[in-house]
Each structure stands twice: as C-alpha cells, then as structure tokens.
Amino acid sequence: MDSRDRAGMSDRYEHAEIEARWQSVWDERKAFATNGDKTGEKYYVLEMFPYPSGKIHMGHVRNYSIGDVLSRFFMMRGKNVLHPMGWDSFGLPAENAAIQNGTHPARWTYDNIANMKIQLRRMGLSYDWSREVATCTPEYYRWSQWLFLKLYEKGLAYKKRSSVNWCPGCSTVLANEQVEDGQCWRCSSIVEMKELDQWFFRITAYAEELLSSTYDLPGWPEKVLVMQRNWIGRSTGAEVDFSVEGSDEKISIFTTRPDTLYGVTFLSLAAEHPLLEKITAVEKKVEVEAFVTKLRKEAKDAKAATDDLVKEGVFTGAYCTNPLTLERVPVYVANFVLMGYGTGAVMAVPAHDQRDFEFAKAYALPLRIVINPPGITLDPSQMDCAYLDDGVMTGSGSFDGLTNTEAKEGITDLLEKRGTGKRSINYRLRDWGISRQRYWGCPIPVIYCSGCGTVPVPLDSLPVVLPENVTLTGKGLSPLESAPDFVNTACPVCSGPARRETDTMDTFVDSSWYFLRYLSPASTTEPFDKESASYWMPVDQYIGGVEHAVMHLLYARFFTKALRDLGLHSCDEPFRNLLTQGMVCKEIVKCPEHGFLYPEEAKDGLCVHCSKPVQTGSVEKMSKSKKNVIDPDRIIKEYGADTTRLFSLFAAPPEKDLDWSDDGVEGSYRFIGRVWRLVAENMEMLSGASPYSASTGESLAGVLKDLRYMTHKTIDRVTQDIEKRFHFNTAISAIMQLVNAIYQARPSLTPDQPEAAKVLREAVEAVVLLLAPFAPHLSEELWMRLGSHVPVYETAWPRADLEALIQDSVVIMIQINGKLRSKLTVPADASEDMVRSMVELDEKTLEWTKGKTMKKFVYVPGKIVNMVVA
RNA sequence: GCCCGAGUGGCGGAAUUGGUAGACGCACGGGACUUAAAAUCCCGAGUGGGAAACCACGUGCCGGUUCGACCCCGGCCUCGGGCACCA
C-alpha cells in the first residue's frame, strides 16, 4: 500500500526495518570503537553501568539516551569520544534467583547480560562494545582482589570485630551507607546489630579530602555535594578529659561547644562505653547492668525507632572532676549517647543543649546558665527549652562578659595550656564495611593460618576463583563455608593447612573502579593502564540516578584517591561533571479492595474485579509492585528506538522527573514521520541541489532569507542547548520549530527562484544532522537518501553562519508605564534618537501619551522601549 | 527539627544576562483532502468582558527594590527530596 513518489521514497517511515539495518551497519563497521589514539581533545562519557536484572527498564532508557546524545554530539564535534558499557554483575538477586529456580547464579547472570545486550543494541546506542566488562568474570574480579591487597598493604583494608548492621532478609552485613531509615536499602528488612569480625576499608582516612574536594567540583549538582558533606559530617570542637574521682581513669568527651564547659552539671556515657563497668559504684551495678541489657535488647528489636525516643538513664554512682571548675560532676549512662560517634561520652550542659535539658528535667538535675542572650538574663526556673544561640558569657570565671564565640577559643586555649583538653575534629563518616556473607560476589583474597595468622593471597596467585559447586540456602553463614575444596588450602607462607576467607566483597567495591578498567579492559598484567588513565581520566560526564549520592559516588571518589596514593594513576576525582537524571514516573491506579491495578484492570474509572471506583491522579516512580511500569521493549517494537529516545528526552529536562505519557510518545512518533515526509515529499527538489553556501550564493531576500535565518538560528540554539545546558527538551523543540518553518516556507519555494532549492537543502540537511544525536537511525537513513556516502556519525556537526543571523530590521516592544502597548519595526542598526523619533510618530503610542508629559524614556537596543508618562 | 530543591494554561514544559509570560508538544475545537474513516496538511485557543478593534486580570501568598520582576530582596504557605538524639 506504499504510495511512492518519483524518487522512490515511501511516505511512511518503516522504523523496524530501517533501525535494524543501521544497527547492523554500525556493528559491522565498529562505528563507535575508540581507537588507541591518545591525541586530540578527549571526551569520556559514562552512564552508570546496570545490574543485569534481566530486562532494561525506562530508567535505563532515559539514562542511556542522555549519554548517547552527548556521545554522538561530541563525536560529530570532532572530539575523541570514549563511551563504554558493562555490567555490575555480582549481587544478591542472582543468588535469590538461584535459590528459587535452581539455576546457577552465573548462568542466570550471563543469560540476563545476553538478553539485555540485545535490548541495548535495539536502542541504537553508540557504545564501544570492545571494551565491555562484567564484574563477575575472573578477568575483572582478579583485579578487584589485586586492589584489595594493595589497599591491605597500605593499611587501608583491615579486619576488626565490631558491631555491624545485619540484614536478616539478605542474611548479610551491610555498610552504613546501605542502611536507610534503619532498613536494608535493597529489601527493606529492619536491620539488626551484630557483633562480627569484618573487613573494612579505611575511608575515614580520606574524610578530610573527600569533604574538601566537594568544594572543587563545580560540575556536580549542589544537592549531591550537600548530601556527601552531610554524610561525612565534619564537626570541629574540643576533646576534654574529666578525671574520675577515686581512680586513675579519665573520661574523654568530645564537644563542639567548649564555651559551655562552665555549665556542665553531669556527664553521660553510652551503654557500650569501655569505662562504664569499671567506674560503676558497687551499689549501682545491678541497676546499671539491667539498664544496659534493656537498651541492648531494644536496639536489636527495632533500630528504626529512633524518633522522639524518651531520654532515659541511670546514675552510675561515679563522679568526675570538671577540669576548669574542679567541681564534682555525677556520671550517668544514657540511652541517647552513641558509642559510634566521638568518644561515646558527652558532657551535659542542660541549659544549652536540648537533649541534656530533657534528661535533666526527667531526673531533676540542675541547670546552669553560662550564656545569656544579648541584653537578657535567663532564669533557669522559667526555661522550657535549652538556649542554643550565641550570647554573652556568664558564670564562667574570667570569661564572663566575652561573647561565647570568643570564649570558645579562650576556653580551648586554656584547656590546651593545662593539658586537660585539645582541639579536635570529628567525622560522622565510618569506615566502609565490605564483608558480605554471600556467595555471588568477589572472594576476599585472604587466608587464615593457625601459625602465620592472616595471610594475604600472593598477587601472582590471583584470582581466587569463586567455586561453582556451592549449596545456596539463603540462610546461615557464608555459602562458601559449604565448599571444602575452596575453604581448605595451604598457607602461602608456611605451606601448612589453612582456611580461606569465606566472605565476599560488597558489590560496591566492584563498581568503585570500573571506569578505570574500561581504559584497558583486556590487560592481563594490571588493573588498568596508567598511560591510558592519564589521557582519559577523569570521566568528563557521568550520568546516573541520584540514589547513589552517598553510596557508589562516595566509594568511587574514595577509590580514586586511594589508588592515586598507591601510585596507580594521578587523578584526584573520578567524575568531572555529574548529571543526576530524574525518575521515570507514571500514574498509578488503585482499587480500595484490590490494591494497585494495571491500567487495563480499570474500565470507566471502575475496578473490573469489583466495580468499585478506582483512585487515579497520583504519579509515582515506575515499579512492578505499583503496576505502573512500561516495558521499553514494547514501545521500541511499536514505535521504534528513535521515538522512544526522543520522547524520553523531550518530555522533561534530564534532571527532573519524567511523567510517562502514551499520548506524548505518539507525538514524538508523529514528529519522526513529519521529518521523514519533509524529505520524501521534497526529494525531487532536494536531490538536484547542493546546500546554499553564502560565499558562492547570491544574496537572499524575503522567504529565503527568513528560512536561512531560521536554519542558522536553530543550529546555534541546538548546539548551545546540548553543549552548555543539557536542555535536550528545548533542543528538540527548536528542531521542531525549524521543521515547522520549512513546511511553512515550502509553498513559496518555487523552482523559478534560483536559490530556493539550495536554501531548502541547507535547511533540511540541518534538520537531519541536528537530529542525529536524538534519532540516529532516522538521521542516517535520510542522510543516505539525500545522497551522502559518509555516515552521519562521521559527519561534522553543522556550524551556524553568523552572517545569516544578521537581520535588517528588528521588532521592538513599546511599553508605556511598564505595560505593553505597541510594537514597532525598526532598522537593526537604528540609533536611540532614531528609534525615539519613530516611537513618537507611532499612532498607538500617541493615543496613550496624548496630553501627558514624558518623565523618562528607556531604550534597550533591539528589544524594548519603556516610556514613563504622567 | 535541620539542610537542599520546586511551585507558570486542562497536562508535560518554555522564557539563556531583569526586557513580548505561556515557545515546543499533548489533549481540545474548527477547516481541507476522503464515499467515509484513519493518516496527513492548515487554522484557533491563558482567564474574564466584547461582534470586533481592544480592555482588564494573570507565573503559590503578602510586601519591597526597579522605568520594567516568573527572574532580585524580606516574610509566609504548599509539595518533593535528603539528614535526623552526631554531642
């Protein structure tokens, strides 16, 4: 049923056939393989690699469409582009699938990778597949182990027994970053505390640099930087020693408010404080132990319930001495003091700290005011909350009358002089616990020998291969315990019988350096090539979801710095620019009886199961459980990859959430067809012409001049939108406007005008090339049909001709008293005087100014006139 | 509670440096083509008033700065996100 015009071009764009064909061409020609050339301006664009869950989702489509626009754009701009892809392929879902279906995690993972690779291929993405990595392959994890051992050598990996987060759902330990609201980030189980021997990375050694360099990352969203700063949580203050009465012990406390030291009326210890047992008075032992036991039980039951916890505590019977006032201060054990922060002990100043205030009220402890608000004297008996703000010192000996800011310094100086305290900085950041009691991960390359202790696996015996035959139950200890051939080994030092570490590494370790592996993915001698790193690093543009703001993105920064200090490369930060794309959302449908419904389960606003009215209107992140997912495969099949990509880029700016709209997809599809027909219907005129060139062409007028202006304005606009602003939605809208303008101008472009075909050709070529980063298949096809033998991806990005952007006349707005009253066309080079005299002759202007006096005349050249009259 | 971010038509969104508010798209209405429909092409449209020209109002609310404010400043309201006994 194709109606074909004389040039043999169907007026229908056959997306399935055309897209498949160009994907084959790109594959065969290895179109996007980055060669070894390390000269010229490089551009390393990277999207966060996916976990191979089985199918890509709309979030992936959006993420990779953004990256692909940049990759293809900069290729056409002549940069040396690196655009790799790989698989974050260790992780729990593979193990869970294995337990459920009896498939081996490796099999499940590799099948998923194969499937998802086909899906990505159908999207027409410009990846250099020759650099593909999968973190679950021995070729990759060998180097994760190698890096672990290097960090171990440097003291940046260590093992210690400590209280750690335990997820009963995943049956493994979690890092602090992986606990959200007391729940597992993956399965939402309530996280418990367990005392276990675990491997840690000493990320805290880099706390200061990780924090200070956040101020040197202008290409990152402020939101992410703020989240990282909060997570690192630097506090400056002082550590102060309180000697324990009747013993040699000292209790060290950390405070950010040394200025309130004269207001201390008691001390509070965490239940786990090492000195608690030692200093507790004999007659208080029973009471204190009961309290500690109770807290431990509560902590285990529900770590989540930290809100509005009532302040509780017990007097230990012990007293300390305030190092400045030499007063006697009672010591309590309290439920709100955390052992994990500072020293696990705090000085209590109830007048100036809200927690201490509440505690003091509950146990009738005294308040002592040491800071008054300017001009006011506080009365302890009248206070219903602590006074936290700045003010003037009182009741603080020689510091009285100073501002508390001055006293903070003075008191700290005094403590340092007397040797009872010192300036101190504390971080909220904890070391990164990386041991996981799971199978499908990178084995930790360590051996335990009864004689030699903890022995690192020698570098030349890597990789420690993950054994295949393991019993997976999802319960109990590490599955690797059940593989005796793996566990039992010989000590590398004494050759005696020894045991392997059976925990695997957190998968975030694998993803902390993959961007370096892409640089020399086949290397069998090193994790990555130093020379390649010095050329390609840092990643120029990283793109991914904001959910990794304090996990992956912090770990990757830490790794980059630690590996730099190991001398492996010389880059300080891995990602120069970061774009965090918004979520893909869709309206949910909910029945009061049957919960979430698929759209087809609701007819005329009623549930098909029970005929109750359904709730709609709420737009939420696509998720299987909310039954509001759209399968990209289906959309690509129905409308093609170009439409799918175009819609995901056009519907919203990349950093905002994107509301899925079936009608919107139709709109993008229509636009693709409209561009196709623009070429198809004008083939005769286009094929005989070369594009207009200002140097050889005759000067233009009227419609031709206007169309040419529009062409070059659009080139300029689209270039800026992609390069400077990442506003792909407005870039696409600008191309749409050019297409509309060509359709408008077309009837006036007749063959008798000598330059008409050339100007049309120039405009159409611009559309085709400008569209290439967004709809590459369509562009390639049209480009070829227009007669080019060079593919679009090897064609230079069009340049705006500044000459074409010069206009003879401009329309200026005329405001009277700030309100728009008239418009006037004036020569583009008109002087203010000329414009003024023209305005004064304008009829509409005269109507509004008749009989009034001009107070002021404002002229913004080429834009606006504002006359103030009265 | 603290720290970010955002509020613009029926909807997604635009307005790049303080200078035409609502580009582009969706949905809607009208027309052309068609026996008809689909597809396509063209036109219309912030709200209110008016036949129209045109006028008034209009970017969450109140106030300010300015010849001129979606944009800057001060004070609120609402929504979204992050952190949350961090001493």
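What you are looking at is a predicted structure, and each value in this text was computed from that prediction instead of being measured.

### Looking at the side chain of His-352
Among the secondary structure elements, His-352 is positioned in the loop between strand S15 (345-348) and helix H10 (354-362). For His-352, a relative accessible area of 4% translates into the label buried. Polar side-chain contacts of His-352 include one of 3.2 Å to the backbone nitrogen of Ile-371. Within the structure, His-352 has its side chain in polar contact with the backbone oxygen of Tyr-387 (distance 2.9 Å). In contact with His-352, other than residues within four places in its own chain, are Arg-257, Thr-260, Arg-368, Ile-369, Val-370, Ile-371, Ala-386, Tyr-387 and Leu-388.

### Here we look at helix H11 (residues 404-418)
For H11, spanning 15 residues, the distance from its first C-alpha to its last is 20 Å, which sits close to the expected 21 Å at 1.5 Å a residue. Those residues of H11 hidden inside the fold are in contact with strand S10 (234-244), strand S16 (371-372), strand S17 (392-393) and strand S18 (421-427). Gly-419 occupies a position one or two residues after H11 and carries a positive phi of about 75°.

### Some remarks on the protein's contact with RNA strand B
Within the structure, RNA strand B sits among 50 residues, and Thr-256, Leu-309, Arg-355, Ala-651 and Arg-717 are positioned closest to it. Put simply, 68% of the atoms of RNA strand B that lie within 4 Å of the protein are in sugar or phosphate. Tyr-341 is positioned such that a nitrogen or oxygen atom in its side chain is 2.6 Å from a phosphate oxygen of RNA strand B. Here a phosphate oxygen of RNA strand B sits 3.1 Å away from a polar atom, N or O, in the side chain of Asn-729. It is helix H22 (residues 728-745) that contributes the most residues to the surface near RNA strand B, 8 residues altogether.

### A look at the pairing of strand S1 (residues 42-47)
Most of S1 sits inside the fold, with 6 of its 6 residues counted as buried. Across the two faces of S1 the burial is the same, with Lys-42, Tyr-44 and Leu-46 and Tyr-43, Val-45 and Glu-47 all buried. Judged from the 3 bridges that link them, S1 and strand S2 (residues 80-82) form a sheet pairing that is parallel. By the bridge assignment, Tyr-43 is partnered in S2 with Val-81. The handedness of the S1 to S2 crossover, carried by helix H2 (residues 58-76), is right-handed. Bridging between S1 and strand S26 (residues 541-545) involves 3 bridges; their strand directions are parallel. Bridge assignment links Glu-47 to a residue of S26, and that residue is Ile-543.

### A short note on the pattern of salt bridges
Tallying each qualifying case throughout the model produces 50 salt bridges. Between Arg-708 and Asp-801 there is a salt bridge, and its shortest N-O distance comes to 3.0 Å. One end of the pair, Arg-708, is in helix H21 (residues 702-725); the other, Asp-801, is in the loop between helix H24 (776-785) and strand S35 (809-816), with 93 residues separating them in the sequence. You can call Arg-708 buried: its relative accessible area is 7%. Overall, the relative accessible area of 18% leaves Asp-801 in the buried class. The salt bridge partner of Asp-721 is Arg-717, with a shortest N-O separation of 3.2 Å. On the criterion of helical spacing, the pair formed by Asp-721 and Arg-717 is a turn pair, its members being 4 residues apart in helix H21. Residue classification places Asp-721 among the buried residues on the basis of a relative accessible area of 2%.

### Some words on the nonpolar core
Grouped together as the largest cluster of nonpolar side chains are 116 residues, with contacts concentrated most on Tyr-44, Phe-148, Phe-201, Trp-432, Phe-515 and Phe-559. Once residues lying within four places of it in the same chain are set aside, the contact partners of Phe-559 are Leu-147, Leu-151, Phe-201, Trp-432, Val-509, Ser-512 and Trp-513. Residues Leu-579, Leu-646, Ile-672 and Phe-726 belong to the second largest nonpolar core, which totals 75 residues.

### Looking at the sheet that holds strand S36 (residues 819-827)
One open sheet accounts for 4 strands, arranged S36-S35-S38-S37; its pairing is mixed. Each edge of the open sheet carries a strand with a single partner, namely S36 and strand S37 (854-860). Recorded for the sheet is a direction-independent mean angle of 20° between the axes of neighbouring strands. Pairing between S35 and S36: 8 bridges, direction antiparallel. Bridging from a neighbouring strand, Val-811 pairs with Thr-825 of S36. In the packing of helix H25 (residues 832-841) onto the sheet, contacts are made with S35, S36, S37 and strand S38 (864-869), and the angle to S36 comes to roughly 125°.

### Some words on the environment of Met-867
Among the secondary structure elements, Met-867 is positioned in strand S38. Taking C-alpha positions, Met-867 is 7.8 Å from Ile-814, a pair spaced 53 residues apart along the chain. In contact with Met-867, other than residues within four places in its own chain, are Gln-815, Ile-816, Asn-817, Val-839, Thr-845, Thr-849, Met-854, Lys-856 and Phe-857.

### Things to note about the confidence of the model for chain A
Mean pLDDT over chain A: 91, with 97% of residues reaching 70 or higher. Note that pLDDT drops below 50 for residues 1-7; the model gives that stretch 12 contacts with residues more than four away or on any other chain. Across the interface, the model reports ipTM at 0.95; the global pTM reads 0.93.

### Examining the packing of helix H18 (residues 641-650) against H22
Orientation of H18 relative to H22, taken along the N-to-C sense of each, is 115°, at an axis distance of 7 Å. Between H18, through Leu-646, Leu-649 and Phe-650, and H22, the contact on the second element is made entirely by Phe-728, Asn-729, Ile-732, Ser-733 and Met-736. Taken together, the residues of the contact of H18 with H22 sort by class into 6 nonpolar, 2 polar and no charged.

### Some details on the environment of Pro-105
Take Pro-105: it is sitting in helix H4 (residues 105-122). A relative accessible area of 1% places Pro-105 in the buried class. Sequence separation between Pro-105 and Phe-357 is 252 residues; the distance between their C-alpha atoms is 55 Å. Sequence-distant contacts of Pro-105, that is, excluding residues within four places in its chain, are made with Ala-94, Glu-95, Ala-98, Tyr-439, Trp-440 and Leu-472.

### As for empty space enclosed by the protein
Enumeration over the complete set of coordinates arrives at 3 cavities of 30 Å³ or more. For the largest cavity, the lining is made up of 17 residues, of which Gly-91, Leu-92, Arg-436, Asp-506 and Thr-507 are closest to its centre. Of the residues belonging to the lining of the largest cavity, the class tally is 6 nonpolar, 6 polar and 5 charged.

### Concerning the sheet that holds strand S23 (residues 488-490)
Spatially, 4 strands are ordered S22-S21-S24-S23 in an open sheet, and the strand pairing comes out antiparallel. Of all strands in the sheet, those bounded by a partner on one side alone are strand S22 (453-456) and S23. Between one strand axis and the next, the sheet turns through 40° on average, direction left out of account. In terms of strand pairing, strand S21 (residues 446-449) meets S22 through 4 bridges, oriented antiparallel. From the neighbouring strand, Tyr-448 faces S22, where its bridge partner is Thr-454.

Quick notes on the rules
Residues numbered from 1 in each chain as written. Chains lettered and ligands numbered in written order. Predicted model: local features only at pLDDT ≥ 70, side-chain atom pairs only at ≥ 80, totals over all residues. Heavy atoms only, no water. Helix = DSSP H or I, 4+ residues; strand = E, 2+ residues; numbered from the N terminus. Buried < 20%, exposed > 50% of the residue type's maximum accessible area, 1.4 Å probe, protein only. Polar contact = N/O pair within 3.5 Å; in protein donor to acceptor, adjacent residues only side chain to side chain. Contact = heavy atoms within 4.5 Å. Expected span 1.5 Å × (residues − 1). Near = heavy atom within 4 Å. Pairing = 2+ DSSP bridges. Right-handed = clockwise from strand over helix to strand, strands pointing away. Salt bridge = Lys/Arg side-chain N within 4 Å of Asp/Glu carboxyl O. Core = buried A, V, L, I, M, F, W, Y, C linked by side-chain atoms within 4.5 Å. Axes fitted to C-alpha atoms, helices over the stretch in contact; angles between N-to-C directions. pLDDT = per-residue confidence, 0-100. Nonpolar A, V, L, I, M, F, W, Y, C, P; charged D, E, K, R; others polar. 1 Å grid on protein atoms, 1.4 Å probe; cavity = no way out; pocket = protein on both sides within 12 Å on 5 of 7 lines; lining within 4 Å. Points joined across faces, edges and corners; volume = space filled by probe spheres on them.

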